[in-house]
Amino acid sequence: MNTLSFIISPDKSIPWILKDFSGDLINKGVASNLKEFLNIKAEYTKGYIYHPLLTRRELQVPPAKAAEINSSIPFLLEDELLSNIEDLHIVTSKRRTDGNVSLCMVPHLIMKEIDEQIINSQLEIPSLCDLTDTIQSNASEATLVIFKEYAILKLGSHWSWCSDMQTILGLLKNSFDEFQIKNFKVFLTSDLKIDWPSFTQIDPELHYIKDEQDYLIHQSNLNKDGLNLLIKQYEPRLSWKKWYKTWKLPIFSLFLIIVLYFFQLSYELFLNNSSVAKINLSAKNLFFTSFPEENRSLDYKLLLRKKLRNIPDDKDIIFLSTLGQVSKIIINNENISLNEVSYDLNKNQFILEVEMSSFEDIEVLQSVMMRSGLVVEVGSSRRSGPSILSEILVKF
């Protein structure tokens, strides 16, 4: 698994390195923005930041739930901070057995700039930590890292500051006495000469590095979990542009299937309505042919109901029953539609012209009608384009 590690520096340059799963260096460089990482193939990306406005410190808190501790921190720090607490993004660790929590504080102004870069780059960056989280140290050890005009001092395991080099060097003696520092490590460039006895009585253990890239390359603590600044309002969000780019083809395919399905459903409804309209028209014509004395301006269904109430003749009842039975069979058959219905009074039979797609449908229709107790004969058949028009004789 290739891992991309980068540092966001105060001058907004972004030095980076790419290592494989065994820790061997694959590539390195300096980017001006996070978008330049889009062409780098990495399974995991982890960022670090150092800045003179970023503060790392310890705070004694009473035993309480994590939410209660977080809500009490602004009040505990109110008298110690020069800036407005609301202007700071604060991340806290879990309360340790000694009653302390580790705090990382950085202005929202800086975090918003970084957050905007992450969103615009469409990168998946799960974590951004204080650079001092890469420094292995114990309670009696101090570490100083010097990059150009900036220096980062870490005291013990949890306190750190970033400022210009002269300011940090001036803090060494008093800080070492206060935190009872016994060991002192320094990362710096080989051309930087410092009179260490002027600032501390502890002989420093010097480690020479070329720049921020070289520092990252030689750190074995990059996989350690630190205080992740990308939480709360800066928590990684779903990149809609990247999500859409990945899923647009499946979404379009699914949308096309749904559209085609509804088109097919609408077409079938249209055919059914068309068949119903044809049957209704045929029934109307048949009714007024059978009863020419009736007023054609009136609804034939109402006239038919009126006649049904007044018909005592069993023969007429059979006539209407047969017509209803035939209509029901044809409507329930999806492969057959009714084109025309007529009645031969002399032969006492219905003459149906039906439309179907194959000759097998004729046999199926005849079989269903005969099983329903109807006397059926198949008349002439002919092709009309892709369909077959067939004459069905129903006797009673």
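Cut-offs and rules
- Residues numbered from 1 in each chain as written.
- Predicted model: local features only at pLDDT ≥ 70, side-chain atom pairs only at ≥ 80, totals over all residues.
- Heavy atoms only, no water.
- Phe/Tyr/Trp six-rings, centres within 6.5 Å; stacked < 30°, edge-to-face > 60°.
- Helix = DSSP H or I, 4+ residues; strand = E, 2+ residues; numbered from the N terminus.
- Buried < 20%, exposed > 50% of the residue type's maximum accessible area, 1.4 Å probe, protein only.
- Patch = residues over 30% accessible without salt bridge, like charges linked within 9 Å, V, L, I, M, F, W, Y side chains within 5 Å.
- Areas by Shrake-Rupley, 256 points an atom, 1.4 Å probe, with all protein chains shown as cover.
- Salt bridge = Lys/Arg side-chain N within 4 Å of Asp/Glu carboxyl O.

Participant: Sorry, what's going on with the packing of aromatic side chains here?
Facilitator: Aromatic ring pairs are defined here through the distance separating the ring centres and the angle between the ring planes. For the coordinates displayed, the defined rule picks out 12 aromatic pairs. Consider the rings of Phe6 and Phe37, whose centres lie 5.4 Å apart with planes at 40 degrees: the pair is tilted. Of this pair, Phe6 sits in strand S1 (residues 3-8) while Phe37 sits in the loop between strand S3 (25-31) and strand S4 (44-49), placing them 31 residues apart in sequence. For Phe37, a relative accessible area of 2% corresponds to the buried category. Here Phe187 and Tyr215 contribute two aromatic rings whose centre-to-centre distance is 5.5 Å and whose plane-to-plane angle is 90 degrees, an arrangement assigned as edge-to-face. Here Tyr215 lies in helix H4 (residues 212-217) and Phe187 lies in strand S12 (residues 183-188), a separation of 28 residues in the sequence. You can call Phe187 buried: its relative accessible area is 12%. Take Tyr215: its relative accessible area is 1%, and that puts it in the buried class. By the ring-pair criterion, three or more aromatic residues cluster together here, those being Tyr50, Phe147, Tyr150, Phe187 and Tyr215.

Participant: Teacher, can you tell me more about a nonpolar patch on the surface here?
Facilitator: A grouping of Leu254, Ile258, Tyr261, Phe262, Leu265 and Leu269 is seen on the molecular surface, where their side chains present a nonpolar patch of about 580 Å² in accessible area. The class of Ile258 is partly exposed, set by a relative accessible area of 39%.

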